[in-house]
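Observations on chain architecture
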Protein chains: 2
Amino acid sequence: MRIILASSSPRRKELLKMITKDFEIIVRDVEEIADESLPIEEQVQEIAYLKGKAVNNITNGERVIIAADTLVVKNRKKYGKPKDRQNAIEMIKELLEGDRTHEVISGLVVIINKNGKYKEYKTYEKSKIFLKEISDEEIEKWVDTGKALDKAGAYAMQEEFGVHVEKIEGDYMAIVGLPVSKLYDILKNENII
Amino acid sequence: MRIILASSSPRRKELLKMITKDFEIIVRDVEEIADESLPIEEQVQEIAYLKGKAVNNITNGERVIIAADTLVVKNRKKYGKPKDRQNAIEMIKELLEGDRTHEVISGLVVIINKNGKYKEYKTYEKSKIFLKEISDEEIEKWVDTGKALDKAGAYAMQEEFGVHVEKIEGDYMAIVGLPVSKLYDILKNENII
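Let me begin by describing the structure that accompanies this report.

Criteria and cut-off values
Residues numbered from 1 in each chain as written. Chains lettered and ligands numbered in written order. Predicted model: local features only at pLDDT ≥ 70, side-chain atom pairs only at ≥ 80, totals over all residues. Helix = DSSP H or I, 4+ residues; strand = E, 2+ residues; numbered from the N terminus. Rg over C-alpha atoms; globule rule 2.2 N^0.38 Å. Buried ≥ 20, exposed ≤ 12 C-beta atoms within 10 Å, placed from the backbone. Contact = placed C-beta atoms within 7 Å. Nonpolar A, V, L, I, M, F, W, Y, C, P; charged D, E, K, R; others polar. Pairing = 2+ DSSP bridges. Least-squares fit on C-alpha atoms with pLDDT ≥ 70 in both. Axes fitted to C-alpha atoms, helices over the stretch in contact; angles between N-to-C directions. Parallel < 35°, antiparallel > 145°, perpendicular 65-115°, else oblique. Left-handed = near helix turned anticlockwise from the far one by under 90°. Arc of directions from axis to C-beta.

As for the overall build of chain A
- Within chain A, the secondary structure is distributed over six helices and seven strands.
- Shown N-terminal to C-terminal, the secondary structure of chain A runs as helices and strands in the order β-α-β-α-β-β-α-β-β-α-β-α-α.
- Computed over C-alpha atoms, the radius of gyration of chain A comes to 17 Å, within 12% of the 16 Å expected from 2.2 N^0.38 for 193 residues, which places it in the range of a compact globule.
- Taken over the C-alpha atoms alone, chain A extends approximately 55 × 35 × 25 Å along its principal axes.
- When each of the 193 residues of chain A is scored for burial, the buried share is 45%.

Here it is as C-alpha cells:
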C-alpha cells in the first residue's frame, strides 16, 4: 500500500519511520484556517484535514494519506508558529505564566483509499507540559538558535529547549509533532501495516 | 571546563548534546552491583556513581564527570538488560501485567573537580510509563529487531517500540537514558555552562 505523508516537517518524517520506512512525502500548501468557534481540539483536526484532503485530491489509486497539525494551548489561547524573534520571546514568557504548564494538541488525519473504498479518520492527542523557571537570558539564547520560528509555541522539547521542561504527561511523539501511537493503531486496524 | 561523559551509550551521547557539544567520552567497565537492601532509587544512583567514580579515578585536573544508570521497575522488581531473546520476551510480558504501567528510574551522578575542589552530585528521575495492549506477535517482532537486548526492560520508546506506549508521566529524556533537565540545573548551578 502506498503511504503518503502530507507534511514537509523533518520531525514528522523521522517519527513516521518508527512505523514504516516505506512512504513518500507530498505536500500541498493550504490556508491553515479553522472555524474559531469550534473547540481547539476540533480546529487542530480541521487543519490536519485540510492538509490531508489537499494531497488526497491531487493523487490517485490505492493510497493512505497521513496529515497532522500541532498547536500549543494555554488558558484556551492558541500558539502557532511565532511571527518573528520578538513574538517568539513573548510566546515563551506567556507559557511561563502562572503554574508554568500548557497543553500541546496534535491533530491526526488518516485518509484511506483501499479496495475502491474511501475512509477518513480524524483524531487528536492532548499532552500537558510542565516548564521550569527560565531566565530572560535563557529564553533569548534559545530563540537565537533560530530553531524557535518554525515551531508551534516557539519551542521544541527535542532541541536545546528540552532542558527547560520539568516533565510531561501524555504522548511525547505527539508533542514533537506526530501521534505515532494513535497512527499505528489506525494503520493496524486497517491491515495496512 | 573539560566535560567527560562516562557512558558508551549512543543515546546518552545524543542527549548530552542538548546541553553541550563540547565533551569527551571515557568509559571504564565496572561491576554494576548495588546493595540490594537499599531502595531501588538509591541502587540506581549507586551504580551511576560506580561508573562516574571509576572514570574520575583515571583522569586528572579540572574536569566534570557525568554518569547515569537506568532501570525499569514494576512491583518493586528491577528489570535491567535482558540476557537473551527469550528473557526479553518474558520481560515485556511482565511489564504488560495488571494495569500495564511501570516506572523508569534514571540515576544521575555528576563529579566536579573545579578550582582545586571536589564535589559530587547524586540524584535521580522517576517516570511512569503506560503501555497499550501488545500482541505476542508484536512483542516478537520488536525483539527480533535486535534492539531489545541492550535496553533496560528490553524496550526503548524512541525506537519502533514507541508505538506501543500510550503515554508517559515524567521526563522523556530520562526515560531514554539521561536526565538532561536535572543535569542542566546542576551544571548551571556550578557555572560550568
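Thoughts on the interface of chain B and chain A
- The interface of chain B with chain A comprises 18 residues on the first partner and 18 residues on the second.
- Considering each element in turn, the side of chain B that touches chain A owes the most residues, six residues, to strand β7 (residues 165–170) of chain B.
- Residue classes in the side of chain B that touches chain A are distributed as nine nonpolar, three polar and six charged.
- Examined bridge by bridge, strand β7 (residues 165–170) of chain A and β7(B) share three bridges and lie antiparallel to one another. Bridging across to β7(B), Gly170(A) finds its partner in Ile168(B).

Comments concerning helix α6 (residues 180–189) of chain B
- Within α6(B), seven of the ten residues are buried, which leaves the element mostly enclosed by the surrounding structure.
- Among all positions of α6(B), only Val180(B), Ser181(B), Lys182(B), Leu183(B), Tyr184(B), Ile186(B) and Leu187(B) are buried.
- Elements that come into contact with the buried residues of α6(B) comprise β7 of chain A together with α1 (10–16), β3 (63–74), β5 (101–114), β6 (117–131) and α5 (172–176) of chain B.
- Of the residues one or two after α6(B), Asn191(B) is the one with positive phi, at around 55 degrees.

Let's talk about unusual backbone geometry
Residues and elements named next belong to chain A.
- Positive phi, close to 50 degrees, is recorded for Asn75, a residue that is not glycine.
- You can see Asn75 is positioned in the loop between β3 (63–74) and β4 (77–79).
- The exposure class assigned to Asn75 is exposed, which follows from the 9 C-beta atoms found within 10 Å.

Observations concerning the relation of the copies chain B and chain A
- Superposing chain B onto chain A takes a rotation of 180 degrees combined with a translation of 0.0 Å along the rotation axis, leaving an RMSD of 0.0 Å. Such a combination of turn and shift is consistent with a two-fold rotation axis. Using C-alpha coordinates, one finds that chain B approaches the rotation axis most closely at Glu169(B), a distance of 2.2 Å.
- When the interface residues of chain B are mapped onto chain A, 100% of them again fall at the interface, so both copies present the same face.

A few points about the packing of helix α3 (residues 85–95) of chain B against helix α4 (residues 136–143) of chain B
All names here are of chain B.
- Orientation of α3 relative to α4, taken along the N-to-C sense of each, is 135 degrees, at an axis distance of 10 Å. By the angle between their axes, α3 is oblique relative to α4. Along this stretch, α3 crosses α4, giving a crossing that reads as right-handed. Contacts from Arg85, Ala88, Ile89, Ile92 and Lys93 in α3 reach Ile139, Glu140 and Val143 in α4.
- Residues of the contact of α3 with α4, tallied by class, amount to five nonpolar, no polar and three charged.

Describing α4(B)
Residue and element names in this part refer to chain B.
- Inspection of α4 places Ile139, Trp142 and Val143 among the buried residues, and these make up the whole buried set. Taken end-on, α4 shows its buried residues confined to a sector of 95 degrees, consistent with a single buried face.
- Turning to α4, the residues buried within the fold contact α3.

Remarks on the environment of Gly146(B)
- Mapped onto the fold, Gly146(B) is located in the loop between α4 and β7.
- On the basis of neighbour count, Gly146(B) is assigned to the exposed category, with 9 C-beta atoms found within 10 Å.

What to know about the pairing of β5(B)
Residue and element names in this part refer to chain B.
- Burial within β5 is extensive, with eleven of its 14 residues counted as buried.
- Direction of pairing for β3 relative to β5: antiparallel, over a ladder of eleven bridges. When the sheet's bridge partners are listed, Ile66 is paired in β5 with Val110.
- Of the strand pairs in this sheet, β5 and β6 are connected by 14 bridges, and their pairing is antiparallel. Within β6, the position partnered with Lys114 by the bridge is Lys117.
- Here β5 folds back onto β6 in antiparallel fashion, the turn holding two residues, of which Asn115 has a positive phi close to 50 degrees.

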